Amino acid sequence: MPADQHDEISKGLAGAPRTVLLANPRGFCAGVRRAIAAVEDAIATYGPPVYVRRAIVHNRQVVERLERRGAIFVQDISAIPEGAVTVLSAHGSAQGVKDEAQRRRLRVVDAVCPLVAKIHSEVALWHRLGRHIVLVGHLGHPEITGTLGQVPAGSISVVATPQEVEALLLEKDTAIAYAIQTTFSVSDAAEIVGAIKLRFADCQGPRSSDICYATTNRQAAVVQIASRCDIMLIVGDRTSSNARRLTETARGAGAKQSYLIEDAADLTGQMIDAATVVGLSAAASAPEEAITQVCRWLEAKGFSLVETPGVEEHIRFKPVSLASLETDVTKSFAGAFAAARKQIDAVLEDAIGRTPGRSPRLAEAMRLAAMGGGKRFRAMLILTVTQMLGGSREQALRAGAAIECVHAQSLVHDDLPCMDDDDFRRGRPTLHRRFDEATAVLAGDALLALAFETLADPRTHEDGAVRAGLVLSLSRAIGQDGLAGGQMMDLYPGGTISRKQLTECQSRKTGALFRFAVEAGTALAGCGEEERRRLDSFAQNLGVLFQLQDDILDETGEPAVAGKALRKDAARGRQNAMSVMGLEGAACEAERLLTQCAEALAPFGPAAAPLLEIARFAARRDH
Ligand code: GRG
């Protein structure tokens, strides 16, 4: 751009240099940061979806960003499935809301701003001391609704102007206490409190102002620059009380014009054409990206940015504790896995046996392949589904042992030099390394046969039709449409594979056994068609999710933790989720699949919590 043209643009109509005065402090406060982090932490720890009652803070962009990560925002507790992880908003919630959440057995964390929580306790104390409370605030704002809900109805009167104080139907000798909305205008509140004190002789108030430090500092910073500005821009959401107060404060303090904008998209040339000095501030709930966007837009119009001095904020709140989200399920999860491992090993020891006359070498190889290692994930699935549907644990343990035999066989064969050629598995030498290839192949064969023998044994289920059904399902799960077919797709992809082909391969190679596990649970315990369909959808998503996480771990995991060599696929030029969708794409897909698992389980309510925990484990596992 020619220098003279640039000079034209960078000056206002009057020809003076154009400046943006940046108010300090501006943007996010400690309470907003803490509330957003609570939702993010809950999603990271427990997986999506995490339900949030009402906007966590009043900002559309913040809400949409959290939605993309897996938060679901609802207006009412009744819209949240029983047992779901739920975050209550920073504005604070009425006691009735928390009671309802408890009735619905939601796993709740309260992201209420500690400064709002302080008002809740003050109000409860004033009420206990027999004082009527006059609450300075805007009726209908969620903070006021939450504060009203801390004490019985009728204990608080809400006022927003001195005239409303005058109009209160209370005797002048009533014992009064007042409280103020944290985001109220500092100057308006001073006037209203003056009117309260004038009208009621017996009046008590908070020891320190209820208006929060962030509101106070942001309003003061706007007052400091407003009279020098042709226009004042406040970045914030229209639903945000503190944003609206900043806009009014700017006008009241002498800014010729004052606009509330969400981001740069709300700006027009007309707004700033005549302006030489623009003031810029942002609400406590406005994200930094929106403020930066506005700065870039103004810079492009020839404005230069000037930071103005202001109060430095050092307030940090302790993060919201997620401890209340821990359920008995979470706590006992590791214990349940350990117990299952022990019991499955006992069934396998019995099934493999030590019968004289049989090859001790073969039995030893079978034991090494199938026992004393592995997470027992597939067996746990059978046990958990059977338990949820009220079936027998003894029978589920037998079906669990059968599936672990098949799984062990597939690992033994997968590790052979003709397939993946691995030396380590479950932290020890692979079977063909420990023995030889022939023994490994035969141990695999014998384990496969043992799986069917175990399923067909009357001890697995009293009804022969159920046993035959199990045998049929397992046959299908490991054949051309299952493990063997999936492994072929993996070994012989026939060119660059699409995302669809990848999913098809994953659901055969890995998912088919997961579907069998869940189906076995439903067959042993018995269940309705709709339940069976939902659980199958859960299993399909879980299987692909499990394999996806395996691919992610192959790229990012620790060999010592995984107990096997990693980063082999890339080294051998083998296609997997990494080559098809990249690490970030795979991580996003894993989150999506976890959400699908949760959705499939939602109608089962809290009874499905252990299954959901299993899915979360699949998505977060490091081995
Ligand atoms: C069963 C007839 C038949 C053929 C098998 C070799 C083969 C054909 C298929 C390979 C299937 C395979 C190894 C898929 C990978 C599945 C996977 C992610 C294994 C890791 O499972 P984990 O993490 O292992 O549950 P642990 O050691 O914990 O049991």
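Residues numbered from 1 in each chain as written. Predicted model: local features only at pLDDT ≥ 70, side-chain atom pairs only at ≥ 80, totals over all residues. Heavy atoms only, no water.

## Quick look at the site of the ligand
Move 1: Among the 19 residues in the neighbourhood of the ligand, the closest are listed as Lys 375, Arg 378, His 407, Gln 409 and Arg 426.
Move 2: At 2.5 Å, a side-chain N or O of Lys 375 approaches an oxygen atom of the ligand.
Move 3: Protein contact buries 91% of the 760 Å² of open area that the ligand shows by itself.
Move 4: Those elements that provide at least two residues to the shell around the ligand are helix H16 (393-415), helix H20 (483-491), helix H21 (499-525) and helix H22 (529-556).
Move 5: Looking at the shell around the ligand element by element, the count peaks at five residues for H16.
Move 6: Looking at side-chain class alone, the shell around the ligand contains five nonpolar, seven polar and seven charged residues. (Near = heavy atom within 4 Å. Polar contact = N/O pair within 3.5 Å; in protein donor to acceptor, adjacent residues only side chain to side chain. Areas by Shrake-Rupley, 256 points an atom, 1.4 Å probe, with all protein chains shown as cover. Helix = DSSP H or I, 4+ residues; strand = E, 2+ residues; numbered from the N terminus. Nonpolar A, V, L, I, M, F, W, Y, C, P; charged D, E, K, R; others polar.)

## Considerations on the packing of aromatic side chains
Move 1: All chains considered together, the criterion is met by six aromatic pairs.
Move 2: Each ring, one from Phe 377 and one from Phe 514, has its centre 5.6 Å from the other, and the planes form 50°; the classification is tilted. Here the residue Phe 377 occupies a position in helix H15 (residues 377-388), and Phe 514 occupies one in helix H21, the gap between them amounting to 137 residues. Across the pair, exposure class does not vary: Phe 377 and Phe 514 are buried alike.
Move 3: A centroid spacing of 5.0 Å and a plane angle of 45° characterise the contact between Phe 514 and Phe 546, whose relative ring orientation is tilted. (Phe/Tyr/Trp six-rings, centres within 6.5 Å; stacked < 30°, edge-to-face > 60°. Buried < 20%, exposed > 50% of the residue type's maximum accessible area, 1.4 Å probe, protein only.)

## So, the sheet that holds strand E4 (residues 85-88)
Move 1: If you trace the four strands from one edge of the open sheet to the other, you get E3-E2-E4-E5, paired in parallel fashion. The two strands at the open ends of the sheet, each matched to only one other strand, are strand E3 (71-74) and strand E5 (107-110). On average, each strand axis in the sheet is tilted by 25° relative to the strand beside it, whichever way the strands run.
Move 2: Note that strand E2 (residues 50-53) and E3 share four bridges and pair parallel. Residue Val 52 lies in a different strand from E3, and its bridge partner there is Phe 73.
Move 3: Against the sheet, helix H2 (residues 30-46) engages E2, E3, E4 and E5, with an angle of about 170° to E4. (Pairing = 2+ DSSP bridges. Axes fitted to C-alpha atoms, helices over the stretch in contact; angles between N-to-C directions. Contact = heavy atoms within 4.5 Å.)

## Here we look at empty space enclosed by the protein
Move 1: Inspection of the entire model under this criterion finds one cavity of 30 Å³ or more.
Move 2: Put simply, the largest cavity is a space of about 280 Å³.
Move 3: Forming the walls of the largest cavity are 25 residues, and the residues nearest its centre are Val 32, His 91, Thr 182, Thr 183 and Asn 242.
Move 4: Mapped by element, the contributors of at least two residues to the lining of the largest cavity are H2, helix H5 (114-128), helix H9 (213-226) and helix H10 (241-252).
Move 5: Take the lining of the largest cavity: its biggest share by element is three residues, from H9. (1 Å grid on protein atoms, 1.4 Å probe; cavity = no way out; pocket = protein on both sides within 12 Å on 5 of 7 lines; lining within 4 Å. Points joined across faces, edges and corners; volume = space filled by probe spheres on them.)

## A closer look at the sheet that holds strand E12 (residues 277-282)
Move 1: With parallel pairing, five strands are arranged side by side in an open sheet as E11-E10-E12-E1-E13. At either margin of the open sheet sits one strand with a lone partner, and together these are strand E11 (257-261) and strand E13 (304-307). Along the sheet, successive strands turn relative to each other by an average axial angle of 25°, direction set aside.
Move 2: Bridge analysis of strand E1 (residues 19-22) against E12 gives four bridges, and the strand direction is parallel. What sits directly across from Thr 19, in E12, is Val 277.
Move 3: Of the strands in this sheet, strand E10 (231-235), E11 and E12 are in contact with H10, which crosses E11 at around 170°.

## Description of the domain arrangement of the protein chain
Move 1: The domain boundaries assigned to the protein chain delineate domain 1 (17-27 + 213-307), domain 2 (30-112), domain 3 (115-204) and domain 4 (331-620).
Move 2: For domain 1 and domain 4, the distance between their C-alpha centroids amounts to 58 Å. (Domains from an automatic or database assignment.)

## Some remarks on the pairing of strand E8 (residues 176-180)
Move 1: With five of five residues buried, E8 lies mostly within the body of the structure.
Move 2: Relative to E8, strand E6 (residues 132-136) runs parallel, the two being bridged by five bridges. Counterpart to Val 136 in the pairing with E8 is Ile 180.
Move 3: Two elements, E8 and strand E9 (residues 203-204), share two bridges in a ladder whose sense is parallel. For Ala 177, the partnering residue across the bridge sits in E9 and is Gln 204.
Move 4: One crossover worth recording links E8 to the parallel E9 by way of helix H8 (residues 186-199), and it is right-handed. (Right-handed = clockwise from strand over helix to strand, strands pointing away.)

## Overview of the nonpolar core
Move 1: One finds Leu 381, Leu 535, Phe 538, Leu 542 and Leu 611 to be the most contacted residues of the largest nonpolar core, which totals 85 residues.
Move 2: Considering each element in turn, this core owes the most residues, eleven residues, to helix H25 (residues 577-601).
Move 3: Leu 381 has contacts with Phe 514, Ala 517, Val 518, Phe 538, Leu 542, Leu 611 and Ile 614, leaving out every residue within four places of it along the chain.
Move 4: Counting residues in each nonpolar core, the second largest holds 38 residues, with Leu 21, Ile 225, Leu 233 and Leu 246 among its members. (Core = buried A, V, L, I, M, F, W, Y, C linked by side-chain atoms within 4.5 Å.)

## What to know about the packing of H15 against H22
For any two helices packed against each other, the geometry is given by the interaxial angle and the distance between the axes.
Move 1: Axis separation between H15 and H22 bottoms out at 13 Å; the angle between their running directions is 160°. Accordingly, the angle class assigned to the pair H15 and H22 is roughly antiparallel. As for the relative orientation of H15 and H22, their crossing is right-handed in sense. Across the interface between the two elements, Phe 377, Arg 378, Leu 381, Val 385 and Met 388 of H15 pack against Leu 535, Phe 538, Leu 542 and Phe 546 of H22. (Parallel < 35°, antiparallel > 145°, perpendicular 65-115°, else oblique. Left-handed = near helix turned anticlockwise from the far one by under 90°.)

## A closer look at helix H26 (residues 609-620)
Move 1: Compared with an ideal rise of 1.5 Å per residue, which puts twelve residues at 16 Å, H26 spans 16 Å between its outermost C-alpha atoms and is within 8% of the ideal.
Move 2: Turning to H26, its buried residues are Leu 611, Leu 612, Glu 613, Ile 614, Ala 615, Arg 616, Ala 618 and Ala 619. (Expected span 1.5 Å × (residues − 1).)

## Observations regarding the side chain of Thr 147
Move 1: Mapped onto the fold, Thr 147 is located in helix H6 (residues 142-148).
Move 2: Given a relative accessible area of 1%, Thr 147 falls into the buried group.
Move 3: Here Thr 147 is in contact with Ile 119, His 120, Val 123, Leu 135 and Ile 156, once residues within four sequence places are set aside.

## Quick look at the packing of helix H14 (residues 360-370) against helix H18 (residues 437-456)
Move 1: It is the contact of H14 with H18, at a shortest axis distance of 9 Å, that shows an interaxial angle of 75°. When the axis of H14 is compared with that of H18, the two are roughly perpendicular. For the pair H14 and H18, contact is made by Arg 361, Leu 362, Ala 365, Met 366, Ala 369 and Ala 370 and by Thr 439, Leu 442, Ala 443, Ala 446, Leu 447 and Leu 450, respectively.
Move 2: Considering only residue class, the contact of H14 with H18 consists of ten nonpolar, one polar and one charged.

## A word on the environment of Met 581
Move 1: Structurally, Met 581 is set in helix H25.
Move 2: Taking relative accessible area as the criterion, Met 581 reaches 14% and is therefore assigned buried.
Move 3: A sequence separation of 400 residues divides Met 581 from Gln 181, and the C-alpha atoms of the two residues are 49 Å apart.
Move 4: Setting aside residues up to four positions removed in sequence, Met 581 forms contacts with Arg 499, Leu 502, Leu 548, Ala 586 and Glu 589.

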